[in-house]
Amino acid sequence: MDNKIITVTSPLLPDLDEFHELLQQIWDKKWITNNGTFHQQLEKALAEYLKVPYVSLFTNGTLPLITALQALRITGEVITTPYSFVATTHALWWNGIKPVFVDIEPSTGNIDPNRIEAAITPKTTAIMPVHVYGKPCNTNAIQEIADKYGLKVIYDAAHAFGVEVNGESILNAGDMSTLSFHATKVYNTIEGGAMVMHDEATKKRIDYLKNFGFADETTVVAPGINSKLDEIRAAYGLLNLKQIDSAIEARHIVAIKYRQALRNIEGISFWDDMPGVKHNYSYFPIFVDAEKYGMTRDELYFKLKENGIYGRRYFYPLISNFSTYHGLPSAAKENLPVATKMAESVICLPIHHAIINKDFDRIMSCIF
């Protein structure tokens, strides 16, 4: 038996010799943080690659969410999804904002625009959707509702690096979008993140907020925090940007193979690519119908694990089930039937640039 552990993801790593060359430059300059050369280069390179006007780099993916809410002065209630990583809702909680959960679409896992309007109250100030697994939300429908009620829209685009709809980056939707560059993501800077905004004035304000509110050496314009990305991770990110397209294509090949192999297995379902969408293949979720498959989701999950295959029940449990949030009226299970069903049936299978045929065959042997 092959004892190799097959993980759900694997970090994209830059060439070590190239990284050493950039590290030597950092050591020579002795400028290791505070908007250094590589930091500036990476912001410009990412804006160009992602087809967005402005990018502001952060030290992780949670702080841009927290900062976006501060920058837009969001208060009261924000409508969001229970089907996400906890950072989405934690960012609201840390800003003293009440999350209001609405159900999701069964075809995408994203917030259901048809459920949003009924959840709006006089206290609602914004909508925070998530592009789940990098699948684009219905941004037009969400924006129509936001415009009708005068609400801001902040997209948690942690999974959506490089995703486009009809040639347009989905990161341009809403008032702001935030990204995660955590090691588990398609593109990573070890830890890191970014915010995408539409204009230079907003970019400047965000850059102040992530650096204690300093506008210059002696002027503090707002009560900011410290969430800057350092030069070492910026250099790492520049190198990873050179290989991101080939890494995404490798993921695409794995996704094609999964679909071909799983297409006719009774009780296992998955999503195909969306028309007009440039996907990044950040995750490959399958959904287990225990009655038809003959095994529960958890039984399959642990069978995989026992054979050294580490999938992930992502997202399970729902955010709304965690102790901090389960007492909210919107967190009631009967309010979230689609999200509840999806959370209880999902397994994200291993998908990354380093999966080889032998790995794939092992995974399939456990599922068949």
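The structure contained in this document is the topic of the report that follows. (Residues numbered from 1 in each chain as written. Predicted model: local features only at pLDDT ≥ 70, side-chain atom pairs only at ≥ 80, totals over all residues. Heavy atoms only, no water.)

Two descriptors summarise a pair of aromatic rings, namely the distance from one centre to the other and the angle between the planes of the rings. Scanning all chains against the criterion turns up 19 aromatic pairs. Measuring from centroid to centroid gives 6.2 Å for Y83 and Y133, while their planes differ by 85°, and the two rings are edge-to-face. Here the residue Y83 occupies a position in the loop between β3 (77-80) and α4 (87-94), and Y133 occupies one in the loop between β5 (124-128) and α6 (139-149), the gap between them amounting to 50 residues. Residue classification places Y83 among the buried residues on the basis of a relative accessible area of 0%. The buried category is assigned to Y133, whose relative accessible area is 5%. Between the aromatic rings of F161 and Y187, the centroid separation amounts to 4.6 Å while the plane-to-plane angle is 10°, which identifies the pairing as stacked. (Phe/Tyr/Trp six-rings, centres within 6.5 Å; stacked < 30°, edge-to-face > 60°. Helix = DSSP H or I, 4+ residues; strand = E, 2+ residues; numbered from the N terminus. Buried < 20%, exposed > 50% of the residue type's maximum accessible area, 1.4 Å probe, protein only.)

Let's shift gears to helix α10 (residues 297-306). Turn by turn, an α-helix covers 3.6 residues, leaving residues three or four places apart pointing in a common direction. What α10 keeps buried is the set R297, L300, Y301 and L304. On an axial view of α10, the arc spanned by its buried residues comes to 100°, and they lie on one face. (Arc of directions from axis to C-beta.)

Quick look at a nonpolar patch on the surface now. Nonpolar side chains collect at one region of the surface, where F212, F214 and V220 lie side by side and expose about 260 Å² of accessible area between them. Looking at the element boundaries, F212 is found in the loop between α7 (200-209) and α8 (231-262). (Patch = residues over 30% accessible without salt bridge, like charges linked within 9 Å, V, L, I, M, F, W, Y side chains within 5 Å. Areas by Shrake-Rupley, 256 points an atom, 1.4 Å probe, with all protein chains shown as cover. Salt bridge = Lys/Arg side-chain N within 4 Å of Asp/Glu carboxyl O.)

Within the secondary structure, A91 sits in helix α4. Remark: the alpha-carbon pair of A91 and L65, spanning 26 residues in sequence, is separated by 6.0 Å. If we skip the residues at most four places from it in the chain, A91 touches L65, I66 and L69. (Contact = heavy atoms within 4.5 Å.)

Let's shift gears to the nonpolar core. The nonpolar side chains of a soluble globular protein tend to be buried with one another. Counting residues in hydrophobic clusters, the biggest one holds 62 residues, and the most contacted among them are L46, L262 and I367. Here this core takes 13 residues from α8, the largest share from any one element. Once residues lying within four places of it in the same chain are set aside, the contact partners of L262 are I268, F270, F284, I286, L349, M364 and I367. Grouped together as the second largest cluster of nonpolar side chains are 23 residues, I104, W271, F315 and Y325 included. (Core = buried A, V, L, I, M, F, W, Y, C linked by side-chain atoms within 4.5 Å.)

Moving on, we get to the packing of helix α3 (residues 62-71) against α7. α7 packs onto α3 with a crossing angle of 120° between their chain directions and a minimal axis gap of 10 Å. By the angle class used here, α3 and α7 are oblique. For the pair α3 and α7, the sense of crossing is right-handed. For the pair formed by α3 and α7, the contact residues are T67, Q70 and A71 on the first element and R205, I206 and L209 on the second. Taken together, the residues that form the contact of α3 with α7 break down as three nonpolar, two polar and one charged. (Axes fitted to C-alpha atoms, helices over the stretch in contact; angles between N-to-C directions. Parallel < 35°, antiparallel > 145°, perpendicular 65-115°, else oblique. Left-handed = near helix turned anticlockwise from the far one by under 90°. Nonpolar A, V, L, I, M, F, W, Y, C, P; charged D, E, K, R; others polar.)

What follows is about the sheet that holds strand β4 (residues 98-101). The sheet built from seven strands is open, its strands ordered β2-β10-β9-β6-β5-β3-β4 with mixed pairing. The outermost strands of the open sheet, each flanked by one partner alone, are β2 (54-58) and β4. In this sheet, neighbouring strand axes are inclined to one another by 25° on average, regardless of whether the strands run parallel or antiparallel. Relative to strand β10 (residues 193-197), β2 runs antiparallel, the two being bridged by five bridges. Bridging across to β10, S56 finds its partner in M195. (Pairing = 2+ DSSP bridges.)

As a further point, take the pairing of strand β13 (residues 284-288). The buried count for β13 comes to five of five residues, which makes it a mostly enclosed element. Burial along β13 is two-sided: F284, I286 and V288 and P285 and F287, pointing in opposite directions, are all buried. Across three bridges, strand β11 (residues 268-270) lies against β13 in antiparallel orientation. In the strand pairing of β13, F270 is matched with I286. As defined by bridge partners, β13 adjoins strand β15 (residues 346-349) across four bridges and the pair is classed as antiparallel. Paired with F287 across the strands is V346, a residue of β15.

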